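Overview (structure and organization)
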Amino acid sequence: MATLVTGGAGYVGSHTVVALCEAGREVVILDDFSNAHPRTVDALGAVVDRRPAVVEGDAGDPAVLEAVFDGHRIDSVVHLAARKSVAESVADPLGYYRSNLGSVIELAAVAVRHRIGRIVFSSSAAVYGTPTEMPVSEDSPTVPQSPYGETKLMGERILADAAAASQLTAVMLRYFNPVGAHPSGLIGEDPSGELSNLVPRIMQVAAGRRDRLEVFGADYATADGTAVRDYVHVTDLAEGHVAALDADISPARSRVYNLGTGSGATVLQVLAAAAETTGLTIPHELAERRPGDVEATWADCSRARAELGWQATRSLHEMLADHWHFARSHPGASGA
Ligand SMILES: NC(=O)c1ccc[n+]([C@@H]2O[C@H](COP(=O)([O-])OP(=O)(O)OC[C@H]3O[C@@H](n4cnc5c(N)ncnc54)[C@H](O)[C@@H]3O)[C@@H](O)[C@H]2O)c1
């Protein structure tokens, strides 16, 4: 029996495939390669010693899904495939609702039809919007600030409703800020689209491909005035999916978990840690706040610890060292 991993050629997906294979599971990847390269699948083959089965197609296409479930013995699903740019979702809300929710609905429908036991869904801290209490727990108010965040919250609700009415159980993982790469340096963040997160941009400056890092907002009420986020190693995150597939959530039909480290770092702290890790000077300049940016957010991960037996173990230093290792050895990827 195999686990279907949609978006398995992407950043979090490829590391999740490694974690699943290391846990002894068979994996089938479904990816349309809209934000990934086929070379990631080759690299995965080297990391896990066997090339996972790959289907190229749209996770929102019922015919593609039916063919995948007919052609493979699938017993569980990890659904990562999605468009994920907040800014793009503001410009193209209908495209985001159609793509991100279409895939959730079609996948849930085929999973129910094929009597699949568990679906694990990639959700996001974006569902919380601007947190009113810190750290953010799963019971904190959910007020997404973008169509992207809305698609994640609606995706959770659709799956919870589908699970309540069928044999399916659904586990939603609200990721905080994934950073890092596999320690082998063979897989990492390698999108075909644009890189917009903080650490990839820092790596671009470190590699000399950008003059300086723009730090958006230096007047927040934080330790040094810059925004605080909860950065979590992508390998820790990947291992969270294995725990989520195995977890007994009964008598609930669905359950939501935060995945982060439980502590935050400011932009300037990440920058200083990256300079130390790379041994390079990383010039920066302070810029205006960006509209929509949240001041500070970090996760309360006690539910994942208690119920999934999962806890992030890797430090910010390891995240940056692994990210840099991949970026340096893959010119053109991860901004380097
Ligand atoms: N990276 C983050 O900061 C972050 C944070 C919170 C949540 N998430 C969520 O985690 C998931 C994975 O994110 P990521 O950073 O690995 O992104 P990614 O873009 O690297 O991976 C997504 C993968 O899905 C594929 N894909 C997109 N739409 C598809 C479709 N309709 N059918 C088939 N394949 C499709 C892309 O080609 C890509 O390989 C997404 O659902 C994202 O919203 C990411």
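Conventions adopted
- Residues numbered from 1 in each chain as written.
- Predicted model: local features only at pLDDT ≥ 70, side-chain atom pairs only at ≥ 80, totals over all residues.
- Near = placed C-beta within 6 Å.
- Helix = DSSP H or I, 4+ residues; strand = E, 2+ residues; numbered from the N terminus.
- Nonpolar A, V, L, I, M, F, W, Y, C, P; charged D, E, K, R; others polar.
- Axes fitted to C-alpha atoms, helices over the stretch in contact; angles between N-to-C directions.
- Parallel < 35°, antiparallel > 145°, perpendicular 65-115°, else oblique.
- Left-handed = near helix turned anticlockwise from the far one by under 90°.
- Contact = placed C-beta atoms within 7 Å.
- Buried ≥ 20, exposed ≤ 12 C-beta atoms within 10 Å, placed from the backbone.
- Pairing = 2+ DSSP bridges.
- Expected span 1.5 Å × (residues − 1).

Let's shift gears to the site of the ligand. Among the 31 residues in the neighbourhood of the ligand, the closest are listed as Gly7, Gly10, Ala36, Ala81 and Ala82. Every element with two or more residues in the shell around the ligand is listed here: α1 (11–22), β2 (26–31), α5 (93–113), β5 (118–124) and β7 (177–179). Considering every element that reaches the shell around the ligand, the biggest residue donor is α1, with three residues. Across the shell around the ligand, the residue classes tally to 13 nonpolar, 13 polar and five charged.

Before going further, it helps to spend a moment on the packing of helix α7 (residues 198–206) against helix α11 (residues 316–329). In contact at an axis separation of 10 Å, α7 and α11 are set at 55° when each is read in the N-to-C sense. Between α7 and α11, the interaxial angle falls into the category oblique. Where α7 crosses over α11, the two elements pack in a sense that is right-handed. For the pair α7 and α11, contact is made by Val199, Met203 and Ala206 and by Leu320, His323, Trp324 and Ala327, respectively.

Let's shift gears to the pairing of strand β11 (residues 254–259). Taken across its six residues, β11 has six buried, putting it largely inside the fold. Of the two faces of β11, the one holding Ser254, Val256 and Asn258 and the one holding Arg255, Tyr257 and Leu259 are both buried throughout. When strand β6 (residues 169–175) meets β11, the two strands line up parallel, connected through six bridges. Among the inter-strand pairings, Arg174 is bridged to a residue of β11, identified as Asn258.

Its place among the elements puts Arg303 in helix α10 (residues 302–308). Arg303 sits in the partly exposed class, given 17 other C-beta atoms within 10 Å. In this structure the C-alpha to C-alpha distance between Arg303 and Pro144, which are 159 residues apart in sequence, comes to 21 Å.

Time to look at helix α8 (residues 234–246). With 13 residues, α8 ought to run about 18 Å at 1.5 Å a step, and its terminal C-alpha atoms sit 19 Å apart, in line with that. For α8, a buried count of twelve out of 13 residues is recorded, marking the element as mostly surrounded by other parts of the structure. Where α8 is concerned, the buried positions are Val234, Thr235, Asp236, Leu237, Ala238, Glu239, Gly240, His241, Val242, Ala243, Ala244 and Leu245.

Strand order in the open sheet made by the seven strands is β3-β2-β1-β4-β5-β6-β11, with parallel pairing throughout. If you trace the sheet from one side to the other, it starts and ends with β3 (53–56) and β11, each paired once. Put simply, the sheet's adjacent strands are angled 20° from each other on average, direction ignored. Its contacts with the sheet put helix α6 (residues 147–164) on β5, β6 and β11, and the angle it makes with β5 is roughly 160°.

Further remarks concern the packing of helix α9 (residues 267–278) against α11. Angle between the axes and distance between the axes are the two parameters that describe a pair of packed helices. Running from N to C, α9 and α11 point in directions that differ by 55°, and their axes come no closer than 9 Å. The orientation of α9 relative to α11 falls into the category oblique. Of the two possible hands of crossing, α9 and α11 adopt the one that is right-handed. Contact with α9, carried on its side by Ala273, Ala274, Thr277 and Thr278, involves Leu316, His317, Leu320, Ala321 and Trp324 of α11 and no other residues of that element. Taken together, the residues that form the contact of α9 with α11 break down as six nonpolar, three polar and no charged.

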